[in-house]
Each structure stands twice: as structure tokens, then as C-alpha cells.
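What follows is each chain in one-letter form.
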Amino acid sequence: MIAMTVETLTRREAETEREELVDEMRTRFETDDREELRNLTLSGDLNFQQIGRVNRLRTLDYLLGE
């Protein structure tokens, strides 16, 4: 059996989290360009946790219509 969790965010919470992730990406990888972050993910240069953070940023972008 697969357990799933549904997360509910207000738009403001999603925007705040996205801003925090953008700052984190700029600090950690010196970029917040989504294509560059995607390439880092595909290159194998990121660990599992970092890939999760990049994917979370991409998800928030999608949910916020960016």
C-alpha cells in the first residue's frame, strides 16, 4: 500500500517558500535559473536532498503559474 500526503498551502505560503528556495539556490549554487538547476540535477552533481529542493522549487513555480 502506498501512503500519500496531501499538502495545502495558501498562495502567500507558497510565495514565501519559493522566495526562500530561490535565495537558497542563489547561495548554494550561485544561480536560480531553472534551466541551470535542471542541468545540475541531470548531471549527477547534486545529492538526493538537493534534487528534492530543486524539484520543490519547480513545483512551486508551477503551482504559482510561473
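Residues numbered from 1 in each chain as written. Predicted model: local features only at pLDDT ≥ 70, side-chain atom pairs only at ≥ 80, totals over all residues. Heavy atoms only, no water.

Peer 1: Is there a simple way to explain the environment of Ala14 in this structure?
Peer 2: Inspection of the secondary structure assignment puts Ala14 in helix 1 (residues 11-29). Given a relative accessible area of 5%, Ala14 falls into the buried group. On a C-alpha basis, the gap between Ala14 and Arg58 in space is 12 Å, while along the polypeptide they are 44 residues apart. If sequence neighbours within four positions are ignored, Ala14 has contacts with Leu9, Leu60 and Leu64. (Helix = DSSP H or I, 4+ residues; strand = E, 2+ residues; numbered from the N terminus. Buried < 20%, exposed > 50% of the residue type's maximum accessible area, 1.4 Å probe, protein only. Contact = heavy atoms within 4.5 Å.)

Peer 1: So what exactly am I meant to see when it comes to the pattern of salt bridges here?
Peer 2: Between side chains of opposite charge, a pair can form as their charged atoms come close. Under the criterion given, the structure shown has 9 salt bridges. Across the pair Asp61 and Arg18 runs a salt bridge whose closest N-O atoms are separated by 3.7 Å. Taken together, the residues span a long stretch of sequence, with Asp61 in helix 3 (residues 48-63) and Arg18 in helix 1 at a distance of 43 residues. Its relative accessible area of 8% is what places Asp61 among the buried residues. A relative accessible area of 15% places Arg18 in the buried class. Close ionic contact of Glu24 with Arg53 constitutes a salt bridge, the shortest N to O distance being 2.7 Å. With Glu24 in helix 1 and Arg53 in helix 3, this residue pair connects regions lying 29 residues apart in the sequence. (Salt bridge = Lys/Arg side-chain N within 4 Å of Asp/Glu carboxyl O.)

Peer 1: What should I look at first to understand the nonpolar core in this one?
Peer 2: A general feature of soluble globular proteins is that nonpolar side chains tend to end up buried together. Core analysis: the biggest nonpolar cluster contains 11 residues, these being Ala14, Leu21, Val22, Met25, Phe29, Leu37, Leu46, Val54, Leu57, Leu60 and Leu64. For this core, the elements supplying multiple residues, two or more each, are helix 1 and helix 3. The biggest single contributor to this core is helix 1, with 5 residues. (Core = buried A, V, L, I, M, F, W, Y, C linked by side-chain atoms within 4.5 Å.)

Peer 1: Could you clarify how one ought to interpret helix 2 (residues 34-43) in this entry?
Peer 2: Along an α-helix, a turn takes 3.6 residues, which lines up residues three or four apart on a common side. Its side-chain oxygen 3.2 Å from the backbone nitrogen of Glu35, Asp33 forms the N-cap of helix 2. Looking one or two residues beyond helix 2, the residue adopting positive phi is Gly44, at roughly 85°. (Polar contact = N/O pair within 3.5 Å; in protein donor to acceptor, adjacent residues only side chain to side chain.)

Peer 1: I keep staring at helix 3 and nothing clicks. Help me out?
Peer 2: Helix length check: helix 3, at 16 residues, gives a terminal C-alpha distance of 22 Å against a target of 22 Å (1.5 Å per residue), a fit within 8%. Along helix 3, the residues that are buried comprise Gln50, Val54, Leu57, Leu60 and Asp61. Along the axis of helix 3, the buried residues cluster in a sector spanning 120°; they form a single face. Within helix 3, the exposed residues directed more than 90 degrees away from the buried face are Phe48, Gln49, Tyr62 and Leu63. Packed against the buried residues of helix 3 are helix 1 and helix 2. (Expected span 1.5 Å × (residues − 1). Arc of directions from axis to C-beta.)

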